[in-house]
Amino acid sequence: SKPIDNKNSTVTLDNVVGKIDELPFEAHAVLSDFNDLALEIFSKHAVTLPQLNREVDTTSIKFTGGNFVSEFHYQGKLNEYFNPETGTFQGDLEGTAKIDNGAFTLISRKLDFKDIGMSIHFNEDTVWLDQLGIVFGKSSANLQGIITNYVPYFTKTVSTGFVKLKITSPNLDMGSFLVKN
């Protein structure tokens, strides 16, 4: 039998339901090794896109419809998970995100985008854009790609990210993007 001490202690949080910045989530978490606190968490977030307006600059962009679902699994040190100043993960992160029937407006240009569908997956430093489809006026486009040296959930990074995109469009009407006075 193991001695009772911080190293061998574990706290399990099953079926946690709550809100972060008024956005709902569900989670399961295990905290262990209280000398050097470790975290294993699975979290799922399902919101309407308009609920995300509280997280963006709505003088630039405003979500007007659609649904967003994201889930992730993280296993590592608690201080890495909660400290965005580090800019990197030492633990393991895997996740997915999807948008269905999305819509938004670019406020300054008065451009309305609709029929947005997106599917991505990510780990601690790479995001794979599996599919992003968007419709604007008579135009539609599909994007696929990869973003490397990007740390999801952190706003500060210690390195430069790289983006590689493939854009296809069966019909691109550039006149739709011109501002009409």
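Residues numbered from 1 in each chain as written. Predicted model: local features only at pLDDT ≥ 70, side-chain atom pairs only at ≥ 80, totals over all residues. Heavy atoms only, no water.

## A look at the side chain of N53
With respect to the helices and strands, N53 occurs in the loop between β3 (38-48) and β4 (61-77). The buried category is assigned to N53, whose relative accessible area is 13%. Sequence-distant contacts of N53, that is, excluding residues within four places in its chain, are made with T58, I61, K62 and F63. (Helix = DSSP H or I, 4+ residues; strand = E, 2+ residues; numbered from the N terminus. Buried < 20%, exposed > 50% of the residue type's maximum accessible area, 1.4 Å probe, protein only. Contact = heavy atoms within 4.5 Å.)

## Observations concerning the sheet that holds β4
One open sheet holds the nine strands; their spatial order is β1-β2-β3-β4-β5-β6-β7-β8-β9, and the pairing between them is antiparallel. Single-partner strands in this sheet number two, and they are β1 (10-20) and β9 (162-171). Adjacent strand axes in the sheet meet at a mean angle of 10° when their direction is disregarded. Taken together, the 10 bridges between strand β5 (residues 92-106) and strand β6 (residues 111-123) define a ladder with antiparallel strand orientation. Bridge pairing in β6 places T96 opposite H121. (Pairing = 2+ DSSP bridges. Axes fitted to C-alpha atoms, helices over the stretch in contact; angles between N-to-C directions.)

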